[in-house]
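# Coordinates in review
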Amino acid sequence: MHRILAKQIRKLLGRDQAFQNSLEADEPGALARCLESASPAKLASLIQAVSTSYEQSDLYQKRTYRALQTATEEAEQLAKGLRQAKEAAEAANRAKSEFLANMSHEIRTPMNGILGMTELVLATDLDSEQRENLNLARTATLSLLNIINDILDFSRMEAGKLPLEQEIFSLKDTVSETLTSLGLRADEKGVELIGYFSPAVPDRIIGDSGRLRQVITNLVGNSLKFIDQKGQVVVHVDRVSSGPGTVELRFEVRDTGIGIPEEKQKLIFEAFMQADGSTTRKYGGTGLGLTISAKLVELMRGHIGVTSEPEQGSTFWFTACFVVPPDSTAEKDGSEICLELHDMPVLLADDNPTLLGILGEVLENWGLQVTRASSGREAIAILQQSARQNRPFPLVILDADLTNAEGLTVIEEVQRTPDLAEKVILLFASAGRHNERNRARELGIRFMLNKPIRQSELFNAIQSRFLGIPDSFTADSQDRSDLPRKQDRCLRILVAEDNPVNQKVILCLLEKAGHEAVLAADGEETLEAWRQDGRFDLILMDVQMPKLSGLDVTRFIRREEATTAEHIPIIAITAHAMTGDRERILEAGMDDYVIKPMRSETLFASIDRILQPSIP
């Protein structure tokens, strides 16, 4: 206000510079002296000016208040709109999650019946055409399951809920089993699927084996999809670096497929994008596999990329970091075999140069002397020459399908030659080629391994022959690795399942394994059966059932057990696979869970894991 008065006074008193300077310097008494010297007319003008200033100030304050009030109201409206938008987004997200969860359950439940019944039929005596048709049906169902899993994983990824487990696992078993599961698909396309571990790679590591398997499956599956003619896919695992208790690994998937143009290479890791996204594209898929793989690799503290040229093939690669347990060793198989079989001559015959080179290197790392043959005729010539020189090969390793003369023809030639007839022959054959395997049995071949070759199985087969270790890799054992196995102990199991097809699947699997199963078709029947009959060793509990859910039944059981020292193991059999479902299942009191569609080996592995401490 002082500044307003001073401004008006300066206007009234004219250009007295000294006085203006004193006012601006805010000297004591300057304003009073000014007013004393002013004439009545000037004072009246001053009073009028001050009154006008007050009116203007009051008007300004009112306008400012109204502007602030309007701004506050607008801010409140904006905040209200944001809250409503947030609530709507959360409701939409909940609706999407509920929809995905319900769709997952509704699709997985019949798929469990399809896969289960297919597995049961495959366990019976079938001719080659029937077995091939059923395997195709199973492959198609598993492809559908992969699509469902991709959609669920992408939903989790969007929500930032894609966790990684931390457990000790065998790297070589995980990678080899993944390639084995893709072997039939590769064989159908005439593709050689090859896995190779560098000697410096540790076997036992700590990480998420399931997610690692998922990335490898996505990359290898992608390579198989884009190979039109006979070719190969090579999976190579190498060590990049290591530190105290840690290791960084590099995984490469090299294929001889159609390749990817340079301008498309950056797009393929984006959601729903493919190198060929047109409606007339030749190759199917959701376009989510590589996106999910990239996210998983990022969670494993690694990087992912691709190098490719059209018509020259592609190399997808990724790195990942793992913890190494103190007792983990690198390539421990080789150090064992070289002590017993050092410098033993071996003939290795395969018409695929890559596989011939890799297997030859593996055998040489084990301390064996390897002679390579790239065709059946060359293998026969080498065998005949070794016989003439009295330098026989104790072991011959053959591919069942060789250039010029197939591996089985080589075996026939060996058996017709007296000097060669005692050779030990280890045969590689594709799991889906039953005619070859049957013919090999007729020729007396005891050692047969499925493609893709697993180094551990090759190592064990050699040990079985030369070191007297029992053989577990015969043709029969490989053909029916998925069959329910007879258990060491007969269990009495309560099966809680409302779906008729899934009831039959589970009951048949348990009966074939030698267990006694009692069926309950809803939650109330399950609870009543448990209360009336306390002689069950285990409950297989469907989560979603009429009358009472599996979660509610489990909570009732656990509350009643709280007054006793009893605890019946409960395994959830569930089609729910969304984020948080595992936590809800375990919090309800269940001991383990198996996701539908389930495989027999997964079910029995869970039973073994839960009951192992109590099995005598």
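The structure this text deals with has already been given above.
This section reports on the structure supplied with the text. (Residues numbered from 1 in each chain as written. Predicted model: local features only at pLDDT ≥ 70, side-chain atom pairs only at ≥ 80, totals over all residues. Heavy atoms only, no water.)

On to the side chain of aspartate 592, then. For aspartate 592, the position within the fold is in strand S17 (residues 592-595). Side chain to side chain, aspartate 592 and serine 606 meet in a polar contact 2.8 Å long. Look past the residues within four positions of aspartate 592 in its chain and what remains in contact with it is Ile570, Ile571, Ala572, Leu586, Ser606, Arg609 and Ile610. (Helix = DSSP H or I, 4+ residues; strand = E, 2+ residues; numbered from the N terminus. Polar contact = N/O pair within 3.5 Å; in protein donor to acceptor, adjacent residues only side chain to side chain. Contact = heavy atoms within 4.5 Å.)

Where helix H18 (residues 523-532) contacts helix H19 (residues 550-561), the two axes come as close as 10 Å, and the packing angle between them is 25 degrees. Compared by their axis directions, H18 and H19 come out roughly parallel. When you trace H18 past H19, the crossing you get is right-handed. Here Gly523, Thr526, Leu527, Trp530 and Arg531 of H18 lie close against H19, whose contacting residues are Val553, Phe556, Ile557, Glu560 and Glu561. (Axes fitted to C-alpha atoms, helices over the stretch in contact; angles between N-to-C directions. Parallel < 35°, antiparallel > 145°, perpendicular 65-115°, else oblique. Left-handed = near helix turned anticlockwise from the far one by under 90°.)

Our next topic: the pairing of strand S4 (residues 232-243). Strand direction decides the pairing type here: strand S2 (residues 192-197) and S4, joined by six bridges, are parallel. Counterpart to glutamate 192 in the pairing with S4 is glutamine 232. Summarising the sheet, S4 and strand S5 (residues 246-255) pair through 10 bridges and their orientation is antiparallel. Directly across from serine 241, in S5, lies its bridge partner glutamate 248. If you look at the hairpin formed by S4 and S5, you'll find two residues sitting between the two strands, and glycine 245 has a positive phi there, around 75 degrees. (Pairing = 2+ DSSP bridges.)

With that settled, the discussion passes to the packing of aromatic side chains. The full count for this structure, using the stated rule, is three aromatic pairs. Ring centres 6.3 Å apart and planes at 75 degrees place the aromatic pair phenylalanine 169 and phenylalanine 322 in the edge-to-face group. Linking phenylalanine 169 in strand S1 (residues 167-170) with phenylalanine 322 in strand S7 (residues 313-323), this pair joins segments that are 153 residues apart in sequence. Per residue, the accessibility class of phenylalanine 169 equals that of phenylalanine 322, and both read buried. Pairing tryptophan 366 with phenylalanine 459 gives two aromatic rings, centres 5.4 Å apart and planes at 70 degrees, and the pair type is edge-to-face. With a gap of 93 residues between them, tryptophan 366 in the loop between helix H11 (353-365) and strand S9 (369-373) and phenylalanine 459 in helix H15 (residues 455-466) connect regions that are remote in the sequence. Considered together, tryptophan 366 and phenylalanine 459 belong to a single accessibility category, that of buried residues. (Phe/Tyr/Trp six-rings, centres within 6.5 Å; stacked < 30°, edge-to-face > 60°. Buried < 20%, exposed > 50% of the residue type's maximum accessible area, 1.4 Å probe, protein only.)

Interpretation note: all reported values are geometric properties and have no functional meaning in isolation.
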